[in-house]
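Summary of structural features
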Amino acid sequence: MAAQRRIVTQSPENSETPLADVHGWVTPTRLFFVRNHFDVPQLDVATWRLSVGGGVAKPLVLTRDELDAMPQRTLLATLECAGNGRSFLAQKVPGVQWAAGAVAHAEWSGVPLCDVLELAGVDDSAIEIVFEGADVGSEPDHPELMHFARGLPLAKALHRDTILALRMNGEPLTPSHGFPVRLLVPGWYGVASVKWLTRIEASRVPFGGYFQTVKYTIKQNAASGQEIVPLGEMAVKSEIVRPFAGEALGWGKQRVFGLAWAGEEPVAKVELSADGGKTWRETELLGP
Ligand SMILES: Nc1nc2c(c(=O)[nH]1)N[C@H]1C(S)=C(S)[C@@H](COP(=O)(O)O)O[C@H]1N2
Ligand SMILES: [Mo]
């Protein structure tokens, strides 16, 4: 049977990249993990619009054709869900019980967000850009209906690699991955890359939404004690893909194959230990 995403929850779909079946560093779209909080919204590209407003000089309403007609940028980027690996925690925590496959790598293309923000003319007082998806739902601790939405600091929003992605691996986005348009924030945890975008707003206050201040946050030590901050850049991380956990190996030399990524930085090197960390040897990097 052809490889498929490994379903973790059926509805909404949360499914993992079957890493052992991925050869090469670009993940085929059909195997690219899916992280959905709510049902996939049914969007008709003929009536879909993207509004750009809030603290801007000239609010915009864009069609998919208008975005397609703008200069496009193409880049390779890794997305990892912040919950990746949660099922391995010694002390169980609530949330989707991901194994190691809530990570994948694709080629993305679309319109640099900075070009759209320039057209709209963002006010000098803006500190964040807020992105809203078309998907709607509720959570046990938030029974009122809400859209999935996130705020992004202005500096990252203006980075040339932050794009309104229209394509993934050379094809239009699939509904699962955010068709017709998603935000793509390279180097940051997947949560920043809002799918099914319908609204963009410039804001002069920090966004207070549920997925910004309740979920996808970490506790950090600050001068004033502990503070809760939204997740941003991905931490450096590596995973062994082959051999599989628990696999029986024959005698002799073994090849170990895996992945490593480092947020906004490139990976400098990966070291491997086969004796519980007493000695380390350098590995060979195969891809970008
Ligand atoms: N509108 C919307 N955008 C979203 C989400 C969502 O549930 N709704 N999930 C986020 C999370 S937590 C992750 S990890 C990525 C996953 O992107 P993918 O499903 O294309 O792999 O999408 C992000 N964007
Ligand atoms: Mo995520």
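Whatever comes next refers back to the structure up there.
For the structure given in this document, a descriptive report is provided here. Going along each chain's sequence as written, the residues are numbered from 1 onward. Whichever chain is written first becomes A and whichever ligand is written first becomes 1, with later ones labelled in order. Local features in this predicted model are restricted to residues whose pLDDT is 70 or higher, and side-chain atom pairs enter the listing and the counts only when it is 80 or higher, whereas totals over whole chains, interfaces and linings include all residues. Side-chain figures throughout are based on the complete set of non-hydrogen atoms in the structure, without hydrogens or water.

Here the focus is the sheet that holds strand β5 (residues 60-62). Note: two strands are recorded as paired if DSSP finds a minimum of 2 bridges between them. The helix and strand labels rest on DSSP assignments: H or I over at least four residues marks a helix, E over at least two residues marks a strand, and numbering proceeds from the N terminus. In space, the five strands of this open sheet follow the order β5-β4-β13-β8-β9, with mixed pairing throughout. The sheet is open, and its two edges are formed by β5 and β9 (142-153), each paired on a single side. Adjacent strand axes in the sheet meet at a mean angle of 25°, parallel and antiparallel pairs treated alike. Relative to strand β13 (residues 197-203), strand β8 (residues 128-139) is paired through six bridges, and the arrangement is antiparallel. From the neighbouring strand, E132 faces β13, where its bridge partner is R199. Most of the contacts of helix α2 (residues 113-120) go to β5, to which it runs at about 135°, and overall it touches β4 (50-54), β5, β8 and β13. Here an angle of 0 to 180 degrees is reported between the N-to-C directions of two axes, which are lines fitted to C-alpha atoms, with helices fitted over the stretch in contact. Contact definition: two residues touch when any of their heavy atoms are within 4.5 Å.

Before going further, it helps to examine the environment of Q4. Take Q4: it is sitting in the segment before β1 (6-9). Taking C-alpha positions, Q4 is 24 Å from L286, a pair spaced 282 residues apart along the chain. Excluding its chain neighbours within four sequence positions, the residues that come into contact with Q4 are P18 and L31.

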